[in-house]
Amino acid sequence: MPAPGALYRRALLGVLPGMGRRRGQDVPEVELAVGGVTVDPGHLADYDRVCGFRLADRLPATYLHVLGFPLALRLMTVPEFPIPLTGVVHVANRITVHRPVDAGETVDFRTYAENLRPHERGRQLDVVLVGSVAGEEVWRGVSTYLGKGRSAGGGPRRDRGDRPAAPAASAQWRVTPRVGTDYARVSGDHNPIHTSRLGARLFGFPGPIAHGMWSKARCLAALEGRLPEAYTVDVAFKLPVPLPSTVAFSAGATGTDWDFALHSARDGRPHLVGTIR
């Protein structure tokens, strides 16, 4: 797997005057692959603790995102990638678990980008990460990223109507600044908006914010033991979770289907909404 630290340094150098390259206007015709990826039991246990999962040999759905993230990050730093990594916003993530994956299995990953499209605040695209075991696809993740532009991209506009009331909470969680640094350590995603007050301010945030994929993982951990063997979990990231803050988790089931959400415990503003089907 590529080293995430070197990729972030490359991305930061690309925004310096005279160092950047002209961006492509379409998705790169590139697919990257790494085979024979194994799980470090100590790293898995550390990830489970940070995200609230029980310690077990079965991999959480979101763990495979972390395991393959350096490959996706490498794709996002190729010169042809149309959106610069610095300042990119992760707006949605969909994970399909075809079957459970155990820690002793060896996973092959491949990644590619698709569906570059306009958005009212710029452009967005999907980065697809696929995990396979012995030639069988067992897991697929689709991360939607927004690259903000100076002018509107002509895409669909958000609903400007009144925000619905937050659903009744089934749990509240205190999210401390340590969540930002701990998740960066176990995920390899060291974007400074999650770990540094100065880094967050450079990108327009008053202070550090939680990783969206930590929020998704924490919600799945709250439903652990109640999910089917195969499912798709789809989330939209709304407003950032400031560090520190207190969030309210809510979830409701219809058969094996779930709808869940994460809101601010103080004012009910939405941080994440999701479904499991």
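That block above? That's the structure.
Residues numbered from 1 in each chain as written. Predicted model: local features only at pLDDT ≥ 70, side-chain atom pairs only at ≥ 80, totals over all residues. Heavy atoms only, no water.

Undergrad: Go over the side chain of H263, please, and point to the residues and values.
TA: Turning to its location among the elements, H263 is positioned in strand β9 (residues 257-264). When sequence neighbours within four positions are dropped, the list of residues in contact with H263 reads A166, P167, T246, V247, A248, G268, R269, P270 and H271. (Helix = DSSP H or I, 4+ residues; strand = E, 2+ residues; numbered from the N terminus. Contact = heavy atoms within 4.5 Å.)

Undergrad: How would you sum up the packing of aromatic side chains? Please name residues and give values.
TA: Overall, the coordinates contain four aromatic pairs when judged by the stated rule. Judged by centre distance (6.4 Å) and plane angle (50°), the ring pair of Y47 and Y183 falls under tilted. One end of the pair, Y47, is in helix α2 (residues 41-51); the other, Y183, is in helix α4 (residues 177-187), and 136 residues separate them in sequence. Across the pair, Y183 and Y47 agree in class, each one buried. An aromatic cluster of three or more residues is present, and its members are Y47, F53, Y63 and Y183. The cationic tip of R218 hangs over the ring face of W173; the distance from NZ or CZ to the ring centre is 4.1 Å. (Phe/Tyr/Trp six-rings, centres within 6.5 Å; stacked < 30°, edge-to-face > 60°. Buried < 20%, exposed > 50% of the residue type's maximum accessible area, 1.4 Å probe, protein only. Lys NZ or Arg CZ within 6 Å of the ring centre and 35° of its normal.)

Undergrad: Could you give me a rundown of the sheet that holds strand β7 (residues 231-237), with the residues and numbers involved?
TA: As summarised here, the arrangement of the 10 strands in space is β1-β3-β4-β5-β2-β7-β10-β9-β8-β6, forming an open sheet in which the pairing is antiparallel. Bordering the open sheet on either side are β1 (32-37) and β6 (171-175), each of which pairs with just one other strand. Adjacent strand axes in the sheet meet at a mean angle of 20° when their direction is disregarded. With four bridges connecting them, β1 and strand β3 (residues 107-119) associate as antiparallel partners. Bridge pairing in β3 places L32 opposite T111. Seen against the sheet, helix α3 (residues 63-76) touches β1, β2 (89-97), β3, β4 (122-133) and β5 (136-148) and runs at an angle of roughly 60° to β3. (Pairing = 2+ DSSP bridges. Axes fitted to C-alpha atoms, helices over the stretch in contact; angles between N-to-C directions.)

None of this, on its own, says anything about what the molecule does.
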